[in-house]
Amino acid sequence: MGRRLFCGGKVVSGDGVAALDVLVEGEKIAEVGEHLEAEGAEILDVSGKYLFPGFIDAHTHMDLDVSDTVTADGFDTGTRAELSGGTTCIIDFATQNRGESLEYALRHWHGKADGKASCDYAFHLALSDWNHQVSQDLEWVTAKGIRSFKLYTTYDGMVVDDKTIYEIFTRLKELGGIAGVHCENKGIIDARLEQVLRKKGGRSQVSDYPWTRPALAEAEAISRILKIAACVDTPVIIVHLSSKEGYEEIRRARERGQKVYVETCPQYLLMDEKLYSLPDNEGRNYMIAPPLRTQEDQKVLWKALAEGNIQTIATDHCSFTTQQKNAGRADFSKTPCGMPGAEERPALIYHFGVNQGRLTLEQMCRYLAENPARLYQLYPEKGVIAPGSDGDIVVWDPEEEWTLSAGSQKSAADYCPLEGTHLRGRACQVYLRGELAAEHGRIVKEYGGNYITCCSEKTRL
């Protein structure tokens, strides 16, 4: 691999935006400074462009067996979608199903991902089974470089009870790990699903869906998880925060001195529950968990981002085709929950965040790159443009205009949740470890992704 010198652009970090040149040698950034010269290097004029560190999507579900089907995107199409939009690293949820060992779960996920990914990838480990052996095996897992885990407070196949959550938090604290938690109260959801069935004689109307998973069910589970974490005296991550009620629980915990990390997603910032009332039950395509909320919830989340009170923006990319979604035609509770979003995340945050004055460039960099790298201990190899870091560079054209469309997206899903949305700002070039991998949404190099692990010696946010 050769040398590339990016000249004339503005380098974006979490601390500022500066007119700096960037020299990449092989897979690594060699130098960052003013008016650099490098004999024999390929000179890339990026005048008028921003240079972001490669974005990180820390919440994806590729090739996931769920709801009696498999997500439309595996690591092949899913990482092409990510890369085309400027994401150079994902962290996917390797899942331990009931009865499986942790070793089997990780081997299984490597089989899904290795050799198929077009961007770099790491794993969280989702835990569903808990016993003495699993507890012992966590030491081996963390030593292998996986130090972030996922717990669910709902879903029949994945839910863990409060005692188990306490024990897992305690064990992870011993090992230097951290858990992200999907927070919804399963009892409320199950009871309300039964109520709809009794009252209406069926569950065919998608417009009833958000009522079955109310914001208070999210808030209750967040409150409970935070109190369990406080008993253990350990930090915790609340993933895909969707509601003002949930945010209030987090705010109160922080006022008590608790350390809580928070993730939200573009769908909770830009779409609302009115989509569930679309004609012909088209709202099935927008069924995610937690559900889309109200415009008031959106305002609260944007304000929290503007104030720095949310740490990361991920996609929760969990894609299905309309045919797969139609499994819930007669009963919406049978609909696989999830939407695509891998490709458009950076452009949505730039267009609706930076362009509209809700966020700064520095905040965009923190939420999409620097913070996830720090939180999941990938920094400074990832998440920053600095000497010694990986040559993951997004050349961002603030003026390029384009339109979201199912016809042009890289995801295997056959619909685009924000079909027809016109955006200004796009990754015009994406470099993965020093090599051009995508250009104006077109993939230039496939299957160049490497498996990466975190470093336990690094401090989190």
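Source: prediction; values computed, not measured.

Conventions used here
Residues numbered from 1 in each chain as written. Predicted model: local features only at pLDDT ≥ 70, side-chain atom pairs only at ≥ 80, totals over all residues. Heavy atoms only, no water. Helix = DSSP H or I, 4+ residues; strand = E, 2+ residues; numbered from the N terminus. Rg over C-alpha atoms; globule rule 2.2 N^0.38 Å. Buried < 20%, exposed > 50% of the residue type's maximum accessible area, 1.4 Å probe, protein only. Contact = heavy atoms within 4.5 Å. Pairing = 2+ DSSP bridges. Core = buried A, V, L, I, M, F, W, Y, C linked by side-chain atoms within 4.5 Å. pLDDT = per-residue confidence, 0-100. Axes fitted to C-alpha atoms, helices over the stretch in contact; angles between N-to-C directions. 1 Å grid on protein atoms, 1.4 Å probe; cavity = no way out; pocket = protein on both sides within 12 Å on 5 of 7 lines; lining within 4 Å. Points joined across faces, edges and corners; volume = space filled by probe spheres on them. Nonpolar A, V, L, I, M, F, W, Y, C, P; charged D, E, K, R; others polar.

## A closer look at the overall build of the chain
If you tally the helices and strands in the chain, you get 13 helices and 21 strands. Taking 2.2 N^0.38 as the reference for a compact globule, 461 residues should give roughly 23 Å; the C-alpha atoms of the chain span a radius of gyration of 21 Å, in line with that estimate. Each principal axis of the C-alpha distribution contributes one length, and for the chain these read about 75 × 50 × 45 Å. Counting over 461 residues, the chain shows a buried share of 61%.

## Digging into the environment of P417
Mapped onto the elements of the fold, P417 is located in the loop between β18 (393–403) and β19 (422–432). Take P417: its relative accessible area is 7%, and that puts it in the buried class. Residues P417 and L23 lie 394 residues apart in sequence; the distance between their C-alpha atoms is 38 Å. For P417, the contacting residues outside a window of four places in its chain are M271, Y286, M339, P340 and E344.

## Quick word on the sheet that holds strand β12 (residues 120–126)
Judged by pairing direction, the sheet is parallel, and its eight strands sit side by side in the order β8-β11-β12-β13-β14-β15-β16-β17 without closing on themselves. Lying at the two open borders of the sheet, with one neighbouring strand each, are β8 (55–60) and β17 (312–313). The pairing of strand β14 (residues 178–182) with strand β15 (residues 236–238) spans two bridges and is classified as parallel. Bridge pairing links V181 to I238 in β15.

## Considerations on the nonpolar core
If you look at the biggest cluster of nonpolar residues, it comprises 104 residues, and the most contacted ones within it are F52, F123, L125, L151, F169, M364 and W396. Per-element accounting of this core gives the leading share, seven residues, to helix α7 (residues 215–232). Contact partners of L125, with chain neighbours within four places excluded, come to A94, Q96, L102, A105, L106, V141, I146, S148, F149 and K150. Among the nonpolar cores identified, the runner-up in size contains 17 residues, and A58, C89, V239 and V384 belong to it.

## Examining the confidence of the model for the chain
Scored by pLDDT, the chain has a mean of 97; 99% of the residues are at 70 or more. Mean pLDDT in the chain bottoms out at strand β9 (residues 65–66), which sits at 95, and peaks at strand β7 (residues 50–53), which reaches 99.

## Some words on the pairing of β18
The buried fraction of β18 is high, at eight of 11 residues. Note: β7 against β18, four bridges, orientation antiparallel. The partner of P53 across the bridge, within β18, is I393. One ladder, built from eight bridges, connects β18 with β19; its direction is antiparallel. Note that in β19 the partner of I393 across the bridge is Y431.

## Observations regarding unusual backbone geometry
With the exception of glycine, the majority of residues adopt a negative phi angle, and the majority of peptide bonds are in the trans configuration. Residue A289 is joined to P290 through a cis peptide bond whose omega torsion reads -5°. Its location among the elements puts P290 in the loop between α9 (266–270) and α10 (295–306). Of note, the bond from Y379 into P380 is cis; its omega dihedral lies within 30 degrees of zero at 5°. Examined against the element boundaries, P380 turns out to sit in the loop between α13 (361–375) and β18. A positive phi angle, near 60°, is found at D68, a position not held by glycine. With respect to the helices, strands and loops of the structure, D68 is situated in the loop between β9 and β10 (69–70).

## Focus: the side chain of T88
Considering the arrangement of structural elements, one finds T88 in strand β11 (residues 87–95). Beyond its immediate stretch of four places on either side in the chain, T88 contacts G54, F55, L83, C119, D120, D392, V430, Y431 and L432.

## Concerning the sheet that holds strand β6 (residues 42–45)
Reading across from one edge, β5-β4-β1-β6 is the order of the four strands in this open sheet, with mixed pairing throughout. For this open sheet the edge positions go to β5 (28–33) and β6, each flanked by a neighbour on one side alone. Taking each pair of neighbouring strands and ignoring which way they run, the sheet shows an average axis angle of 20°. For strand β4 (residues 21–25) and β5, the ladder comprises five bridges, and the chain directions are antiparallel. Paired with E25 across the strands is K28, a residue of β5.

## So, the environment of F169
By secondary structure assignment, the location of F169 is in helix α4 (residues 162–175). On the accessibility criterion, F169 (3% relative accessible area) is buried. In sequence terms F169 and C428 are 259 residues apart; their C-alpha atoms lie 42 Å from each other. Beyond its immediate chain neighbours, meaning those up to four positions away, F169 contacts L151, A179, V181, I225, I228, A229, V232, T234 and V236.

## Points about the layout of surface pockets
Estimates place the volume of the largest pocket at around 1,200 Å³. Lining the largest pocket we find 44 residues, and of these V66, S67, Y155, D156 and S333 sit closest to its centre. If you list the elements that add at least two residues to the lining of the largest pocket, you get β9, β13 (148–152), α5 (186–200) and α6 (209–212). Top element by residues in the lining of the largest pocket is α5. It accounts for four residues. The residue inventory of the lining of the largest pocket, partitioned by class, reads 17 nonpolar, 16 polar and 11 charged.

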